[in-house]
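For reference, the chains in residue letters:
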There are 2 protein chains.
Amino acid sequence: MREKSIPISTLRRLPVYLHYLNSLKDKVTNISATAIAEEFGLNDVQVRKDLGAVSGSGRPKTGYSVTELIAQLEAALGYGIKTNTILVGAGNLGKALLTYGGFADYGIDIIAAFDTNPALWGTFVGGKPILPDCDIEAVCTDKKIELGIITVPVEVAQQTCDRLVACGVQAIWNFAPTILRVPDGVMVENENLASSLAILCKHLREASPQHSSECS
Amino acid sequence: MREKSIPISTLRRLPVYLHYLNSLKDKVTNISATAIAEEFGLNDVQVRKDLGAVSGSGRPKTGYSVTELIAQLEAALGYGIKTNTILVGAGNLGKALLTYGGFADYGIDIIAAFDTNPALWGTFVGGKPILPDCDIEAVCTDKKIELGIITVPVEVAQQTCDRLVACGVQAIWNFAPTILRVPDGVMVENENLASSLAILCKHLREASPQHSSECS
């Protein structure tokens, strides 16, 4: 069932390369892995390996055709394929994701958002309707939802996840700061903002232990 | 200069444990690493190692005191220490972060946000003023800004980062989908939403190659 598998670490870099190549395509015909590596401060062996996962190898001297490489990256990333998506939890973060335009390239089509707050029902954010959370099952089944975005409070994240999985959702994008349990075959990608902050703040304290910052 | 170093993978899990322990503290006095591991579907050797990085080892039979462990986790994560922060780029995502309340526990004090759009100057989002981006240097210096949140378009992310670093900012939380270059001693934590989506969409296509989703 599986097509050629691309390592996750590579997959994380592909959107970055793609964005860069798109910014160059009107100016440059060919590009080398070395030039891309230099742009991002990466090792060029790594870049060559990443590009090798979606393309052949570049030609000696000329490198890769920029337009071909763009097409190959878009194919690998599934541009143009629509993914039916719902979002659960229309708080600040949920609303931001609803209005954020950056996901369109990935074919993410947010059909609806759900919330337990009756005051939000029937309102629209970013053009998407906010519905009662009791309608989750009906919409998931009816619209064949594949991807669920979880922006609910952490206390109800697991039960929200369980409901989505029970409806056949196969991929979960989790913004609640917890570890979700899912059956085999379902993928969870965690966007744990608190963990990122913990790492940055730890760095700051280690860089300057007397770090106080009472300044105003 | 460095205090006892906690591995980054451990650091990512600590906020999750802390949140869980806080939810239990009124009900439970002691907890074992095994119980925490079971809650999150983790290996208990891993949890024991994680907790060992911030605490002694649990007592045989009784495990850890919940309140002590909470205090040790908070100390390790630097709760109560204020971190002067600015945000650059007050678009949808920037505004969401300004209004999101979840960072207060980490002592993140967003002093101001900056944008190039004059229509936003002098307005407030989440109680934070939006200022002209030409004021970045003055505010960073005056307020001793340590952490910079970058939510600008990718094309100007590197130059924004360079400006912050030149002002002495030591930690960058980057939401622009690119790889930022920083000098040694400055830490970048990337929150690349596009990369997360790429991984999830790839999983969906590998799970069902005929994935079409023209349903309405």
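Residues numbered from 1 in each chain as written. Chains lettered and ligands numbered in written order. Predicted model: local features only at pLDDT ≥ 70, side-chain atom pairs only at ≥ 80, totals over all residues.

(A) View of the nonpolar core. A:Ile150 and B:Ile150 are the most contacted members of the largest nonpolar core, which has 117 residues in total. Beyond its immediate chain neighbours, meaning those up to four positions away, A:Ile150 contacts A:Val88, A:Gly89, A:Ala157, A:Thr160, A:Cys161, A:Ile172, A:Trp173, A:Asn174, A:Phe175 and A:Ala176. (Core = buried A, V, L, I, M, F, W, Y, C linked by C-beta atoms within 7 Å. Buried ≥ 20, exposed ≤ 12 C-beta atoms within 10 Å, placed from the backbone. Contact = placed C-beta atoms within 7 Å.)

(B) Quick peek at the domain arrangement of chain A. What the domain assignment lists for chain A is domain 1 (8–77) and domain 2 (83–195). Between the C-alpha centres of domain 1 of chain A and domain 2 of chain A there is a distance of 32 Å. (Domains from an automatic or database assignment.)

(C) Structural detail: the relation of the copies chain B and chain A. Superposition record for chain B on chain A: RMSD 0.0 Å, screw rotation 180°, translation along axis 0.0 Å. Each copy turns onto its partner about a two-fold axis. Closest approach to the rotation axis among the C-alpha atoms of chain B is made by B:Ala96, whose C-alpha sits 2.7 Å away. A high fraction, 98%, of the interface residues of chain B reappear at the interface in chain A, so the copies pair face to face through one surface. (Least-squares fit on C-alpha atoms with pLDDT ≥ 70 in both.)

(D) Structural context of the sheet that holds strand E9 (residues 187–190) of chain A. Residues and elements named next belong to chain A. An order of E5-E6-E4-E3-E7-E8-E9 is seen for the 7 strands of this open sheet, with the pairing classed as mixed. Looking at the sheet topology across the chains shown, the edges are occupied by strand E5 (124–125) and E9. Of the pairings in the sheet, the one linking strand E8 (residues 171–174) to E9 comprises 4 bridges and is parallel in character. Bridge assignment links Trp-173 to a residue of E9, and that residue is Glu-189. (Pairing = 2+ DSSP bridges. Helix = DSSP H or I, 4+ residues; strand = E, 2+ residues; numbered from the N terminus.)

(E) Inspection of the interface of chain B and chain A at higher detail. Counting from both sides, the interface comprises 64 residues of chain B and, opposite them, 64 residues of chain A. Of all elements in the fold, only helix H1 (8–24), strand E3 (83–88), helix H5 (92–99), strand E8 (171–174), strand E9 (187–190) and helix H8 (193–207) of chain B reach the threshold of two or more residues within the side of chain B that touches chain A. Top contributing element to the side of chain B that touches chain A by residue count: H8(B), with 15 residues. Class assignment of the residues belonging to the side of chain B that touches chain A gives a composition of 33 nonpolar, 17 polar and 14 charged. (Nonpolar A, V, L, I, M, F, W, Y, C, P; charged D, E, K, R; others polar.)

(F) Quick peek at the sheet that holds strand E5 (residues 124–125) of chain B. Residues and elements named next belong to chain B. The strand order across the open sheet built from 7 strands is E5-E6-E4-E3-E7-E8-E9, with neighbouring strands paired in mixed fashion. Of all strands in the sheet, those with a lone pairing partner are E5 and E9, marking the two edges. Note that strand E4 (residues 108–115) and strand E6 (residues 128–132) share 3 bridges and pair parallel. Residue pairing in the sheet places Phe-114 in a bridge with Leu-131 of E6.

(G) Quick look at the packing of helix H8 (residues 193–207) of chain A against H1(B). At their nearest, the axes of H8(A) and H1(B) sit 8 Å apart, and the two run at 125° to each other. By the criterion of interaxial angle, the relationship of H8(A) to H1(B) is oblique. When you trace H8(A) past H1(B), the crossing you get is right-handed. In this structure, H8(A) uses A:Ala194, A:Ser195, A:Ala198, A:Ile199 and A:Lys202 to contact H1(B), whose residues at the interface are B:Ile8, B:Leu11, B:Arg12, B:Leu14 and B:Pro15. For the contact of H8(A) with H1(B), the residue count by class is 7 nonpolar, 1 polar and 2 charged. (Axes fitted to C-alpha atoms, helices over the stretch in contact; angles between N-to-C directions. Parallel < 35°, antiparallel > 145°, perpendicular 65-115°, else oblique. Left-handed = near helix turned anticlockwise from the far one by under 90°.)

(H) Here's a closer look at the environment of A:Leu21. Residues and elements named next belong to chain A. Relative to the elements of secondary structure, Leu-21 occurs in helix H1 (residues 8–24). Note on Leu-21: 19 C-beta atoms within 10 Å, which makes it partly exposed. Considered as a pair, Leu-21 and Leu-131 are 110 residues apart in the sequence and their alpha carbons are 39 Å apart. Apart from the residues lying within four places of it in its own chain, the contact partners of Leu-21 are Val-66, Leu-69 and Ile-70.

(I) Looking closely at the environment of B:Val47. Residue and element names in this part refer to chain B. By secondary structure assignment, the location of Val-47 is in helix H3 (residues 44–52). Residue Val-47 is classed as buried on the basis of its C-beta count, with 23 C-beta atoms lying within 10 Å. Excluding residues within four positions of it along the chain, Val-47 makes contact with Ala-33, Ile-36, Ala-37 and Leu-42.

(J) Expanded view of the environment of A:Ala194. Tracing the backbone shows A:Ala194 in helix H8. The spatial distance from the C-alpha of A:Ala194 to the C-alpha of A:Gly122 is 31 Å, given a sequence separation of 72 residues.

(K) Up close: helix H4 (residues 66–77) of chain B. All names here are of chain B. Compared with an ideal rise of 1.5 Å per residue, which puts 12 residues at 16 Å, H4 spans 16 Å between its outermost C-alpha atoms and is within 8% of the ideal. Regarding H4, the residues found buried are Leu-69, Leu-73, Ala-76 and Leu-77. On an axial view of H4, the arc spanned by its buried residues comes to 90°, and they lie on one face. H4 presents Thr-67 and Glu-68 as exposed residues on the side facing more than 90 degrees away from its buried surface. (Expected span 1.5 Å × (residues − 1). Arc of directions from axis to C-beta.)

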